[in-house]
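Letter by letter, the chains look like this.
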Amino acid sequence: MSFIAIADRDQEHVLHEPQSFIRKYVWSQDHKVIAIQYAAVAISIGVLAVVMSMMMRLQLGFPDTFSLIEPERYYQFITMHGMIMVIYLLTALFLGGFGNLLIPLMCGARDMVFPYMNMLSFWVYLLAVLVLLAGLFAPGGPTGAGWTLYPPQSVLPGTPGATWGVILMLVSLAIFIVAFTMGGLNYVTTVLQARCSGMTLMRMPLSVWGIFTASVLGLLAFPALFVSAIMMLLDNVVGTSFFMPAIVSLGEQTNYSGGSPLLFQHLFWFFGHPEVYIVALPAFGVVSDLLSTHARKNIFGYRMMVWAILAIGCLSFVVWAHHMYISGMNPYFGFFFATTTLIIAVPTAIKVYNWILTIWRGDVHLTTPMLFAIGFIFTFINGGLTGLFLGNVTVDVPLSGTYFVVAHFHMVMGVSPVLVVFGAIYHWYPKVTGRMLNETLGKAHFWITFLGAYAIFLPMHYLGIMGVPRRYYAYPESIDFIPASAAELNQWISVAAMIVAAAQLLFLFNVFWSLRHGAPSGPNPWRATTLEWQTPDTPPKHGNWGKQLPVVHRWAYDYNVPGAAEDFIPQNAPPMEDAPKGRDHGVKA
Amino acid sequence: MVLAGALVLLVIGTVLFHFLSPWWLTPIASNWDTIDETMHVTFWVTGVVFVSVNLFLAYAIVRYRHRKGLKAHYEPENRKLEWGLTIATSVGIAAMLAPGLAVWARFVTVPEDASLVEVLGQQWSWSYRFPGADGRLGKSDTRLISVDNPFGMSPDDPVGEDDVLVSSPELHLPVGKPVKFELRSKDVNHQFAVPQFRMKMDLVPGMVTYFWLTPTRTGEFDALCEQLCGTAHFAMRGRVVVQEEDEFKTWLAGQPTYGAARAEIAGDPAAGRTSFAPCTNCHGAQAEGDRELNAPKLSGQAAWYLARQLNDFRNGVRGAHQDDVYGKQMIPFASMLADQANIRNVVAYIATLPDERPESTVFGDPARGRRIYETTCSTCHGGSAQGVWSTHAPRLANMSDWYMQRQLENFRAGIRGSHRQDYYGAQMSSIARTLADERAAADVLDYIHTLGQ
Amino acid sequence: MNQSALAENPSLAAPGATPGLRGVVADWSADKQAFAAPWGKAMMWIFLLSDTFVFTCFLTSYMNVRISTTEPWPNASEVFALAVGGAHIPLLLIAIMTFVLITSSGTMAMAVNFGYRRDRKRTARLLFATAALGLTFVGMQAFEWTKLIVEEGVRPWGNPMGAAQFGSTFFMITGFHGLHVSAGVVYLIVVAMRVLSGFYDRKGAYETVEVAGLYWHFVDLVWVFIFAFFYLW
Ligand code: HEA
Ligand code: HEA
Ligand code: CUA
Ligand SMILES: [Cu+2]
């Protein structure tokens, strides 16, 4: 049966090759077009989130100079900022964007298994984004409950946007989940069922592994968010009491009774923690390929890398309550969750080591993508290690709810995966457009973003250690333990943030400028082994592979194979004689 | 090459920053120094990893940067090395986890001799309850909470009679005695956090959470809310005063018990009328206020607010700032009121006076004022500026706008609300500062005037 | 061309059956396909896995609020009793509903079976029967809801018999399940139409019928749990 299916695909390119502009670029079922659509929307809304963060930084750095935003605005901005960055930018960009682009190309498929559903996925995602934006114009503005949306606060007066704002946010999230599910099912099924012949799972590039695992996590984690969103909507609109105990809101008795606020926190974090790995795992995968390609060396310990990804994926479902050590849940849970949380550091550590050992004894070309990849390793180590402070329950107690947490997750999520996003864009832009991005601009962009982002978030740890709480609109001087120097530090942080944000313009300019003026790249500018670089035409046409699907004969990392003529051997190059023995790798087919 | 250098510099810079930065743990004031030790262990382990791993990374980049004829080594995997690193890491992890769990085990077991104090949170202030001599807290229920029963005490539980109710955000504790905090919230999640204590916990409506600690040094410590709880989250402040046992006892004795509070007879307007006589000179016979004499309208203002202000004047909490000229004028008159009974009478009398609408004297752009009022002020003062007891926010509608204008200025300039005991004033001044300028204030006041009728 | 590729290296066609864990891994990581199943079927399995998590979250939340709530929980067997000729028979309606749904699973299974025998008429008939049973179920559910709302005065935000969460969880979860059934009915009818029109004969595969069957059996299975949790606990 399986062969029938694949054989079908061989003819497919002759079948529906769309003609009209609309069918080709707008209402398109081509995974490559959908990928670009996803990326474009995600990055545009990401820019909005960056702008919001700048408003926040202005307030925090110069509270009295510009009174641009009142407390409400501030809380609405951090909420939108956080939610957009985590879900509508990074999740959508890594899975909808890179997932769509890379999975079929790297697995040697003609497209996703269900292209029409894939297309719907994007349009539904767009709808979710529009509903989210509608919140900005809703009466009362968007919700200001923080991206964690903890009830009862998120649905009671006293929090900005407690009516329309939060309703639209929840509806938007629900829609997003529908969109993601349609996409995610496609990604997972494509990886499992539609690889070209010879592409065994253990030959797949790690990018695919990362995105695949993240999609699985998404399919299993988003349900928790979906359910809690429904229940909170009912609490808010219908007046049920799922999350609402008896409450006196601003002096008025309410009709709520008997609900459990902690239930929401458990549901949210059962989604929330896997979510952070949904953002991290694709980055892990992609960066592995960037490192291997630009170090001209096979990824070190491929098997371990795969198992580490899977281990992290599984473990991420049993650590959620490390966000709730001091939430009032039974403190005895602390022992269990602290242990599981720190265990996650082991597989992650393996990945970090293997990345570095991939560079070791390699032939390191410091191209722009490579710079970003190495920048990622550095910032991720930093951010990951601070995670161990927070995971270790006792150490978390003083740090929880302070800027230490903010610093942790920006370093590990706001900086490192974002660096990978950039590196990946510099790496695959040639395949998508047929032109290179400008290296000089790229390097400038890297240095400012990398150093700048580190300068923004490193000092925040120390504010946190001192006890400076997060989600504070301002720090009245009447707080004795916060010295005046903290205010100065905040100014420096804000300045650094402005600079880094400005540097993103270089990137955006580069992207548009190179569309016309970039140097033609040819099919395989990085001399990479993976299938997407072996397509008959660049950019690949609808159906990707022309007449014949590729046939894979080796794993994805045959760089500098002893005895090979070139310093890289494409996965689909025919097997050659005198293959050195070794498990799956080497030239053995 | 440059990159490697940059990495090395970043590592060095990070380490230097770590040791030189003036921002570090606040001097500890509780028995939880073990938490600090665990943190230091973690710093050492992770620090070593951070430095060594990154320096190795930098070295690898330099050593194997692309040069003519350089060929990468072909080595798919190396089981020995990989497992070795895995085990080493696991050891490092265990070294951090073990002490952590040991300390946590002490956290979950509250010592028997720990005394009890209840922290009650609400948007956006704290109040506290001590068990009386019996050492037990009386029953309480959110459903019973009202302006006359802010703690939601259940009247028919004898145990509650001797409970000590502390309605101010200032909590006193004896030094060197273990205390178990029981945390209760009226409305949303909050978190009672004192950085110097290290230990902290969320307040969750519908349940009672707890933590324990032993204050180890006397002093005054800020209590912050570290769980986002709405617009004024950042202004939800309290203070913990750790003092010697006997000082603490005297303070505690000064606080009302639930029984006593209930025994208080309501204010008597008739008696209040006589005590109010001197006030009429400035505030007018009907307490309608007199701009010439800078005396605001009092009629129609909420009793709990008037009472609190009178007390603040008497205790030098209000009118303390040397620039608060008119505030100072009020102090002697407030001091004429002998005791709380007196105050209750006057307030009760004022409540009987007609609530005429004052004519407006401050003019701005009410439309703009509305936007500001509805985003910011209404959260505490209520949608129609009627005043909200639970946020301690007085009524603004139908009150003297010229007076409110001056108070706004005082709040912005820190002339009012800067006294350490004036917790709610401090809240107002941090909010007043969000007003761009005098014009914004005028706009708001003009809008507020339209709310009264 | 595929055949030729296979000729080149037959090892790719079927992963050698190695014993033990390695064997499992080998099979799974075979090229092209991890499962010997058509795409639609594989995707449906994955979707159902995800949907399982949805219902699991719903039911755990239900247990949680049932424990956390402060008022007493209404006695299910009384609330859901049905008066037949004056006699109160507890859980009668639900018993029938459950029976109907289980039966529909039976008809569904037969439909799949005939589908593989390429028996258009019978397949279609059985599919319609299944859909009909599904509709009956939804109808009875609607009846039960009205009974609860009109007679018992149960509302999502409260009810005379005790804990408000009783009504809210009941309406939310049975409602959500009801939506699944309704969606399934539509799905079945569409498939049945296509069976009749000979769409699948032309396509040369009746697997869609089986995929629909998977979904339908899942919905029934979920009902069994809901039944246990709401009516028997
Ligand atoms: C990409 C996102 C991402 C990633 C990968 C991580 C990774 C980790 N996170 Fe983080 N985390 C977030 C995103 C992320 N986190 C977010 C968004 C929040 C805040 C949510 C909110 O409240 O708003 C958060 C909050 C958060 C908390 C809650 C803090 C609090 O609110 O009180 C905790 C607590 O346990 C935690 C722990 C960890 C741990 C242990 C890891 C581990 O996976 C890290 C493992 C990595 C390493 C350890 C480094 C590499 C390893 C080596 C170099 C080997 C050598 C190491 C040793 C020998 C020790 N994180
Ligand atoms: C991916 C996640 C992500 C990213 C990238 C960022 C980026 C930034 N974040 Fe944010 N942040 C969060 C996730 C993220 N943040 C979350 C989850 C919260 C918690 C919210 C809550 O408490 O509820 C938060 C909260 C938060 C706070 C705490 C507010 C508070 O607690 O009071 C602050 C304060 O300084 C802050 C600042 C910044 C700054 C200055 C940037 C950056 O702008 C720094 C400069 C970096 C760049 C500009 C590069 C970013 C590039 C992209 C995003 C790609 C797309 C854009 C282009 C291509 C141009 N963020
Ligand atoms: Cu109370 Cu934040
Ligand atoms: Cu987490």
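Note that the structure is predicted; figures quoted are calculated from it, not measured.

Cut-offs used in this document
- Residues numbered from 1 in each chain as written.
- Chains lettered and ligands numbered in written order.
- Predicted model: local features only at pLDDT ≥ 70, side-chain atom pairs only at ≥ 80, totals over all residues.
- Heavy atoms only, no water.
- Contact = heavy atoms within 4.5 Å.
- Disulfide = S-S within 2.5 Å.
- Donors = N, O, S within 2.8 Å, 3.2 Å for Na, K, Ca; no water.
- Helix = DSSP H or I, 4+ residues; strand = E, 2+ residues; numbered from the N terminus.
- Buried < 20%, exposed > 50% of the residue type's maximum accessible area, 1.4 Å probe, protein only.
- Pairing = 2+ DSSP bridges.
- Axes fitted to C-alpha atoms, helices over the stretch in contact; angles between N-to-C directions.
- Patch = residues over 30% accessible without salt bridge, like charges linked within 9 Å, V, L, I, M, F, W, Y side chains within 5 Å.
- Areas by Shrake-Rupley, 256 points an atom, 1.4 Å probe, with all protein chains shown as cover.
- Salt bridge = Lys/Arg side-chain N within 4 Å of Asp/Glu carboxyl O.

Participant: Help me get a handle on the arrangement of the chains, residues and values and all.
Facilitator: When the 2 pairs of chains in contact are compared, the highest contact count belongs to chains A and B. There is no contact between chain B and chain C; across them, the least C-alpha separation is 9 Å.

Participant: Account for the state of the cysteines, with residues named and values stated.
Facilitator: This structure, assessed with the given rule, holds 0 disulfides over all chains. Summary of cysteine pairing: C196 of chain A is not part of a disulfide, and the nearest cysteine sulfur, belonging to C107 of chain A, is at 7.9 Å. For the unlinked cysteine C279 of chain B, the closest cysteine sulfur is that of C282 of chain B, found at 8.6 Å.

Participant: With reference to specific residues and values, describe the coordination of the iron atom of ligand 1.
Facilitator: Residues and elements named next belong to chain A. Counting protein donors around the iron atom of ligand 1 gives one, H408 (NE2), at 2.3 Å. Here the iron atom of ligand 1 and the copper ion (ligand 4) are spaced 4.4 Å apart. Here H408 lies in helix α13 (residues 403–433).

Participant: Give a detailed account of the coordination of the copper ion (ligand 4), specifying residues and quantitative values.
Facilitator: All names here are of chain A. Taken together, the protein ligands of the copper ion (ligand 4) are H273 (ND1), H322 (NE2) and H323 (NE2), with distances of 1.9 to 2.1 Å. All donor residues of the copper ion (ligand 4) come from one chain, and their arrangement in sequence is H-x48-H-H. Given a relative accessible area of 30%, H323 falls into the partly exposed group.

Participant: Which residues make up the sheet that holds strand β10 (residues 237–243) of chain B, and what values do they have?
Facilitator: By definition, the strands of a sheet pair up through backbone hydrogen bonds, in either a parallel or an antiparallel sense. Residues and elements named next belong to chain B. Pairing is mixed across the open sheet formed by 5 strands, whose spatial order is β4-β10-β9-β6-β7. Edge positions in the open sheet fall to β4 (170–174) and β7 (200–203), since each of these has one partner strand only. Strand after strand, the sheet turns through a mean of 25° between neighbouring axes, direction not considered. Bridging between strand β6 (residues 190–193) and β7 involves 4 bridges; their strand directions are antiparallel. The residue bridging Q191 from the neighbouring strand is D202, located in β7. Lying over the sheet, helix α4 (residues 245–253) contacts β4 and β10, oriented at roughly 140° with respect to β4.

Participant: Any details on a nonpolar patch on the surface? Residues and values, ideally.
Facilitator: Residue and element names in this part refer to chain B. Together, L9, I12, L16, F19, L20, W44 and V48 give the surface a local cluster of nonpolar side chains, amounting to about 820 Å² of exposed area. Among the secondary structure elements, those contributing two or more residues to the nonpolar patch are α1 (2–20) and α2 (33–63). Counting residues per element, the nonpolar patch draws most heavily on α1, which supplies 5 residues. Along the polypeptide, W44 turns up in helix α2. On the basis of relative accessibility, which here comes to 59%, the residue W44 falls in the exposed class.

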